[in-house]
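# Residue-level structure breakdown
Chain by chain, the residues:
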Amino acid sequence: MKLLERFAALPLAFFLLLAIECQAQGSPEPAANNVAGKIVTALPLNGETPQLDGRLDEEVWHRARPIADFAQKEPNEFGAPNELTEVRVAYDEDALWIGATMFCDDPQEMLATVSRRDNAGNSQRIIISLDTYGDKRTAYSFGVTATGVRIDYYHPTDEEYNRDYSFDPVWEARTQILTDRWTAEMRIPFSQLRYNQSENELPFGLNINRWIPGRNEDVYWVVIPRNATGWSSRMGRVLGLSGVESARGVELLPYVAGDWERLTDPNGGAETQTNVRAGGDLKMGLGANFTLDATFNPDFGQVEADPAEVNLSAFETFFDERRPFFIEGSQLLTANVGPSYFYSRRVGETPRVGAVPPGEAPKNTTILSAAKVTGRTQGGMSLGVLGALTSEETGAVENGNGDVVDLALAPRSSFGVARVQQEFGEEDVSTIGAMATAVLRNTDAGDDVARTYSEQAFSGGLDWELWTGAGEYRIRGHLGGSGVSGTKEYITQLQRSSARFYQRPDADYVEVDSSLTSLEGYTASLRVERLEGKHWLGGASIWTESPGFEINDAGSINSVDGINGRTWLNYRENEPGPLLRKYGMQLTYEQDWNYGGDRLGSSLEFAFNTTFNNFYDFNAAVQYNPEAFNDDLSRGGPLVREKAVWDIEARLNSNFALNTRFTIGGEYNVQSGDPYRLTIFGSVSYRGAGRLDLTFEPWIRREINEFQYVKQQAGGREATYGMRYVFGKINRSTLALPLRVNYSFTPDLSIELYAEPFAASGSYEQFGELEEAGGSELLIYGEDIGSADPLFDGIGSAYIVDGEQVVLPAPDFLFTSFRSNLVVRWEWLPGSTLFFVWQQNGEDFAFASERAGFLDAAESITNRSDSFLGLKLSYWLPVRW
């Protein structure tokens, strides 16, 4: 209780200290040039097309009226910029043209680094953001650095920093660096934009941003106040865009690829294989509003490998999508709020039937074809539809007669996803949307497939986002459901899976029904929050998923059967003072229950963040979790009571604008007064005034878990329903040394290296079984109950408990891994790319009790590894009509 009182006093101390800081802070005076409703008139070129060279020496650029009324957002909100910026806008029937001049008193402040596309490094940059639909909700951004590195991303919502970098249009930019300025010329084809066709002028919104890292100066044409929200809803307007034709046309991106792969086996043998293939992508404009994307026999050889891990939990790990076809436009296939109905890595996932020896089974199911239609109508309706077809997969296995036969590992599957969203309201743009997914499979390929895959799976629901109070308040929510059908064996497996554990003996509201051939469930949420205001923000939410909710055929979810309630209160100060540029605090309280009414967790957290006047950031949080039940720790067994936990974490980030940046932080977790988990992490990034970009992000974690699940077997006591739920006290150590190195010869030719040495270990100190259902104590073998079996001579250990033998495997382990990915990327023509790829994946596993250290991670480079060499050439072929 004394410890609780000390931590409870921390928020009060912070509020008191920062109240003193607040008294020294005043409100800025808005600059006169930050008035709302800014406009610029685009100059029609009328056949006088400039030469794209970045020089801006053509007569048309002298005639175009410059935009020069910029203001600072940082460091002095609404203050006059220290450097002059002039931007001119022109257009012809095919493209929007931008001519920009960025003056610099000190040439060294240009910081002209060369890097690959979408990696601006530490250079000065100019960014043009366009609300092409005029919907005040979405936007496209096109930027270029002083060295000509292009940056582009999509804003799927009315937020500046919600950016989708998968948007990769084909456009051009050139720059020139002079003694006292740098200039940029940009050509953005209308065919690469989506907009509503108009007989009059196109209603484009516009904002412009210049970033000057040497001064930490962020300059905008329209400044969004620090205490306000919004991005496209606050933009200025571009007038005069008339006579632009509908962006109809086809873009073909055929490719040819070849690879050589060397696969090794634990006995030291190896086999090699080569492959040559061809395929392509198609992008077709369906009018000015919609786009059809299709891929045939897609190739993702250039995609970076997933990071290594050791997963001792009962739950699946969900990795980020890295395949370009599924990343681009993914926001139109994602609900604003609700569960992850669509997890695109389900398409082409690893076959789930695991009866084939490693190396004999395909790593992924083959995607035969995939297509999607995305876009937005003039009435504010957004639409996204995706369909994909994957092939049946087989693998060679030896049957009981010694013959080698092909075993079905994955069925032929069809995936369908649809998302529609309608905007409404004028001042406060709100939305209502609906989403649906469907998976259909041919499970007649074999009994193993029928037991492992569903035959049909459907999910979806409604979601809404309502704004009121001129963008000050938001109400969000969703209502959805799911239905899965398959064989009795498969539905029984779903009921017993880690997502729901219907077999729990002390759960009186669910039970396993082995006669079922379908499973249904629902989900819902409601969230109310204040997002805009000078100081005080906050909100509350409730979320639920019924026990039968299941979306893992097309989506992703780890655990259901839950009700979560959460409330939070924020205080922030965004006006600079003598010590701090800004700071914020948040107090959060959260509760979780299952549908049986068991309290599965609660937490009280105080978080603090600040930015110092030197632009260093500091974040810290203290969280207390009192005792609560856990209904999945025993993996289908009874409830286990987890002890109270304190968690403290902190992070310090250096100034983002520095050539050499660093991050350092850690987390310390204590359970009932005993050390439980310690994590230390950091990163160092070097972005010099050259061509090299280097990032090193090491981290290490040490933890002790007294309740690591080991096994369960019959013969237990009545207090645990006649079963023994065996746990071990494990001492784990995990560390990783990921390194990224990018070297750019030109903005269109670069070498990218990712390498991750990884090591993880676990050693068990003792074993025991749960004393009673709902309890938090173990009966330790050899101490509280039972004794070692002197006659056991197998692998691991064994105990005689109540006259029965309990055999435990040899679970101590040391796992090391080295994964690397080297990619040479050359955009040899606009939209056309040559890739050379070299991948290595080496792993080693041993039953050992030693603790993993830095030497183990470093030595992982020498592991037996599989190698992959690939070459891929694509050619962009636009066809207009």
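Residues numbered from 1 in each chain as written. Predicted model: local features only at pLDDT ≥ 70, side-chain atom pairs only at ≥ 80, totals over all residues. Heavy atoms only, no water.

## Observations concerning the overall build of the chain
Put simply, the rule is: For the purposes of this entry, the term helix denotes a DSSP run of H or I that reaches at least four residues, the term strand denotes a run of E that reaches at least two, and both are numbered from the N terminus. Put simply, the radius of gyration uses C-alpha atoms, and a globule should come to 2.2 Å times the residue count raised to 0.38. Here the term buried applies to any residue with accessible area under 20% of the maximum for its type, exposed to any over 50%, and partly exposed to those in between, with areas from a 1.4 Å probe on protein chains only. Here the open area of atoms and residues is found with the Shrake-Rupley method and a 1.4 Å probe, where only the protein chains shown may cover a residue. Charged-residue counts in this description rest on Lys and Arg as positive and Asp and Glu as negative, His and the chain ends being excluded. For this purpose, a charge sits on NZ of Lys, CZ of Arg, CG of Asp or CD of Glu.
Scanning the chain for helices and strands turns up six helices and 48 strands. On C-alpha atoms alone, the chain measures out to a radius of gyration of 30 Å, which is about the 29 Å that the 2.2 N^0.38 rule sets for 881 residues. Buried residues in the chain amount to 52% of all 881 residues. Here the chain displays about 38,500 Å² of accessible surface, and carbon together with sulfur accounts for 54% of that area. Averaging the positions of the 76 positive and the 123 negative side-chain charges in the chain gives two centres separated by 4 Å.

## Regarding the confidence of the model for the chain
As a reminder, the rule being used: As a per-residue quantity, pLDDT reports the predictor's confidence and falls between 0 and 100. When checking whether two residues touch, look at their non-hydrogen atoms; a contact exists if any pair is within 4.5 Å.
Taken residue by residue, the chain gives an average pLDDT of 87. The fraction at 70 or more is 91%. Here helix α1 (residues 2-23) stands out as the element of the chain with the lowest mean pLDDT, 40, in contrast to strand β25 (residues 518-530), whose mean of 97 is the highest. Note on residues 1-35: pLDDT under 50 across the span, and 49 contacts to partners over four residues away in sequence or across chains.

## A few points about the pattern of salt bridges
Between side chains of opposite charge, pairing is possible as soon as their charged atoms come close. Condition: By salt bridge we mean one thing: a side-chain nitrogen of Lys or Arg within 4 Å of a carboxyl oxygen of Asp or Glu.
Scanning the entire structure with this criterion turns up 45 salt bridges. The partner of R677 in a salt bridge is E667, and the shortest N-O contact between them spans 3.4 Å. Of this pair, R677 sits in strand β35 (residues 674-687) while E667 sits in strand β34 (residues 660-671); the two residues are 10 residues apart in sequence, bridging distant segments of the chain. When its relative accessible area of 21% is taken as the criterion, R677 is described as partly exposed. Of the charged contacts, one joins E843 and R819 as a salt bridge, the two residues approaching to 3.1 Å between their closest N and O atoms. Highlighted residues: E843 in strand β46 (residues 832-846) and R819 in strand β45 (residues 813-829), separated in sequence by 24 residues. Overall, R819 belongs to the buried group, its relative accessible area being 16%. Taken together, the salt bridges that share partners define one network made up of R137, E465, R474, R476, R527 and E529.

## Looking at the sheet that holds strand β44 (residues 804-808)
How we decide: Pairing between two strands is assigned when DSSP locates at least 2 bridges connecting them.
The three strands are arranged β42-β43-β44 in an open sheet whose pairing can be described as antiparallel. If you trace the sheet from one side to the other, it starts and ends with β42 (787-788) and β44, each paired once. Both strand β43 (residues 797-801) and β44 contribute to a ladder of five bridges, which runs antiparallel. Bridge pairing in β44 links I800 to Q805.

## Describing the sheet that holds strand β2 (residues 43-44)
The strand order across the open sheet formed by five strands is β2-β4-β5-β10-β9, and the pairing between neighbours is mixed. Each having just a single partner strand, β2 and β9 (172-177) make up the two edges of the open sheet. Pairing of strand β4 (residues 85-91) with strand β5 (residues 95-103) involves seven bridges; the strand directions are antiparallel. Residue pairing across strands places T85 opposite M102, the latter belonging to β5.

## Some thoughts on the side chain of D553
Defined as follows: Polar contacts here mean pairs of N or O atoms no more than 3.5 Å apart (in protein, one a potential hydrogen donor and the other a potential acceptor; neighbouring residues in sequence count only if both atoms are side-chain atoms).
As for its position among the elements, D553 is in the loop between β26 (536-545) and β27 (562-573). Within the local environment of D553, its side chain forms a polar contact with the side chain of S454, the two groups lying 2.7 Å apart. For D553, the residues in contact, after removing those within four places along its chain, are R346, R352, F415, V439, R441, S454, A457, V484 and Y490.

## Regarding the pairing of strand β40 (residues 749-770)
Where a strand is regular, its side chains alternate between the two sheet faces. The element β40 is extensively covered by neighbouring structure, given that 17 of its 22 residues are classed as buried. Relative to β40, strand β38 (residues 723-736) is paired through 11 bridges, and the arrangement is antiparallel. By the bridge assignment, T734 is partnered in β40 with A760. One ladder, built from seven bridges, connects strand β39 (residues 739-746) with β40; its direction is antiparallel. Looking at the pairing, T746 lines up with L749 of β40.

## Digging into the environment of L737
Inspection of the secondary structure assignment puts L737 in the loop between β38 and β39. Here L737 falls in the buried class, since its relative accessible area comes to 14%. Separated by 54 residues in sequence, L737 and S683 have C-alpha atoms that sit 9.9 Å apart. Excluding anything up to four places from it in sequence, L737 contacts F696, P698, A755, E756, P757, F854 and A857.

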